[in-house]
Amino acid sequence: MENISVSDLAKKMNLKPSELIGKLMKLGVMATMNQKIDSDTATILAEEYNCKVHVVSLYDETVIEKADDKPEDLIHRSPIVTVMGHVDHGKTKLLDAIRKTDVVAGEFGGITQHIGAYQVETPKGKITFLDTPGHEAFTKMRARGAQVTDIVVLVVAANDGVMPQTREAIDHAKAAKLPIIVAINKIDLPEANPDLVKTQLSELGLIPEDWGGTTQMCEISALQKKGIAELLDAILLQAEILELTANFDRHAEGKVIESRIDQGRGIVATVIVERGTLKIGDSFVAGIFPGKVRALFNDHGERIEEAGPSTPVEVVGFEGMPNAGDPFEAVDDEKFAREISAKRQELKKYEEAKNVKKVTLDNLYSTIQQGDVQELKVIIKADVQGSVEALKGLLEKLSTPEVRLNVIRSAAGAITEDDVNLASASDAIIIAFNVRPTPKAKALADQEKVDIRKYNIIYRAEEEIRKAMEGLLAPEFKEEESAKVEVRETFKVPKIGVIAGCFVLEGTVKRNAKVRVIRDSIEIYSGAVTSLKRFKDDAREVAAGFECGIGIDGCSDLKAGDILEVYNMVEVARTLSGSGNGRDKA
């Protein structure tokens, strides 16, 4: 770690912090006990007391070293399958149908205990299914680097065809470079049209095998349990092609699928073992928390002694709640597990203190120079499909030998949490044309530090991205959102126009600030605040939680329920690092 606080250094040297602070003052460095000093200063300070400093990477100390598997130790393992698709297309019905055809369980009432993943035994081998709530959980896990899935089964209803969430599921599967098997469901309905579904999927790049393509497509009826056996065969055939193997005879490694607090048992997590065998009594580290396996339960809620690769298992014995997608690693002993856990918690604190660096237009060129980006990924959202196609066409022409511009999703409509999740997982930039993020999506984007660029002129978007790719982006002015206001009532005032009776939801509204009028997540007008009143008195500013009257220059089309986004233009002085200090220009 490059920095250390004075108090931590004093602890390591068995000295009082006040003694080190005095010595630092003599060296001309003014520091408090909680202030960080760099490794050079720490080295000079330590030499004063005849101590030596070894600078060790904190990240290296959090990594558990693992020996590589020998080819002769690798044994065939069963495939891990995620079922995805649009709402109401029959994902749950299909999973239920597969559970009931499970020849070993023979349970007609379905599974006794839902643990987020389960295993089905067929005459040709086992298959593990991830019972995730659609593709949202899948993306969040991929964002944390949890590449658990081997195969994606995409469920499409024969009567509905390809729907928005179907496209999103395909985007996610392609971004994760996973093979897709399509299950065309509801073929028992009179209005079912499987050929139309195949045509729509062909347009999205999934061409069926019987049309000369490479995508396996099975026609099924989850309700009548038709075609289920054929689908399971298709999954096992795909698994054979993938040649899935793992070493069974080593410390277990896997991923956390979900975790919860269970009354009586404490923290319980569902883990999929990827390699090795997990046994009762094993010490482990899951994410940043240590633990010891006190009990193991299979997907039927039965207590088991051990779990091998591709096995979903419920583990009891965690000391903290791990996140979905966290790595789960069994280790030699409890002491080592606690050491690694302590280092990981320290690293997490250190990284939270620093800003997580995501690709943004402002730092794109420096990131390219460091060799971190060979491909700029972009998600395009616009108010109408025509604008989406135009923007996509323009931006895709910008690819250069150094940087390939890849549009990973383009669609009409407001920016949703799913878009932000995909951007975060793929390190992409979101281009918003005449649309806005939903409040939840905006909060998530701030949390995940995803760059959302808002435009209302197509060529300005193209010009800024070209400049960013060339390293010419000089962010002279930057929008800084200062308030969000809801229109509650409108009043017509002679000679003045329409005044909106408003409630300030967040931030502070200032007179002469810039404002956008948003209706149904689409921008309909942009102008300036010309008058701001509290009751009958003029006001310079109105804070959140208060009502006010707002007049907008040249805008007469205001309705109750409209949202006003108030913002200032902040001048950003460019520095060598590409970051700037803002000066208010509103």
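Residues numbered from 1 in each chain as written. Predicted model: local features only at pLDDT ≥ 70, side-chain atom pairs only at ≥ 80, totals over all residues. Heavy atoms only, no water.

S.K.: Provide a residue-level description of the overall build of the protein chain, including the pertinent values.
M.R.: Across its full length, the protein chain carries 15 helices and 32 strands. Taken over 586 residues, the protein chain has a buried fraction of 47%. Taking the contacts inside the protein chain whose residues are at least 6 apart along the sequence as the reference set, 69% of them involve residues at least 24 apart. Accessible area for the protein chain stands at about 29,600 Å²; split by element, carbon and sulfur atoms hold 49% of it. (Helix = DSSP H or I, 4+ residues; strand = E, 2+ residues; numbered from the N terminus. Buried < 20%, exposed > 50% of the residue type's maximum accessible area, 1.4 Å probe, protein only. Contact = heavy atoms within 4.5 Å. Areas by Shrake-Rupley, 256 points an atom, 1.4 Å probe, with all protein chains shown as cover.)

S.K.: Before we move on, can you summarise helix H13 (residues 417-426) with the specific residues and values?
M.R.: In terms of burial, H13 is largely enclosed, as nine of its 10 residues are buried. Considered for burial, the residues of H13 that qualify are Asp-418, Asp-419, Val-420, Asn-421, Leu-422, Ala-423, Ser-424, Ala-425 and Ser-426. Positive backbone phi, approximately 55°, marks Asp-427, located one or two places after H13.

S.K.: Now, about the pattern of salt bridges: what can you tell me, with residues and values included?
M.R.: Taken as a whole, this structure holds 31 salt bridges when the rule is applied. As a salt-bridge pair, Arg-344 and Glu-329 come within 2.9 Å of each other at their nearest N and O atoms. Here Glu-329 lies in strand E19 (residues 327-331) and Arg-344 lies in helix H10 (residues 334-353), a separation of 15 residues in the sequence. Like Glu-329, Arg-344 is buried. Here the salt bridges do not stand alone but share partners, grouping Asp-171, Lys-381, Arg-409, Asp-418 and Asp-419 into one network. (Salt bridge = Lys/Arg side-chain N within 4 Å of Asp/Glu carboxyl O.)

S.K.: Explain the packing of helix H5 (residues 91-100) against helix H9 (residues 228-242) residue by residue, including any values.
M.R.: Interhelical geometry of H5 versus H9 gives an angle of 90° and a closest axis separation of 10 Å. When the axis of H5 is compared with that of H9, the two are roughly perpendicular. Between H5 and H9, the contacting residues are Leu-94, Ala-97 and Ile-98 on the first element and Ile-228, Leu-231 and Leu-232 on the second. Among the residues making up the contact of H5 with H9, the classes are represented as six nonpolar, no polar and no charged. (Axes fitted to C-alpha atoms, helices over the stretch in contact; angles between N-to-C directions. Parallel < 35°, antiparallel > 145°, perpendicular 65-115°, else oblique. Nonpolar A, V, L, I, M, F, W, Y, C, P; charged D, E, K, R; others polar.)

S.K.: Explain the sheet that holds strand E23 (residues 452-455) to me, using residue names and the numbers behind them.
M.R.: Spatially, E21-E20-E22-E23 is the arrangement adopted by the four strands of the open sheet, whose pairing is parallel. Because the sheet does not close on itself, it has two edges, and the strands there are strand E21 (404-412) and E23. When strand polarity is set aside, the average angle formed by the axes of neighbouring strands in this sheet is 25°. Examined bridge by bridge, strand E22 (residues 428-433) and E23 share four bridges and lie parallel to one another. What sits directly across from Ala-432, in E23, is Lys-454. (Pairing = 2+ DSSP bridges.)

This is a description of form; function is not addressed.
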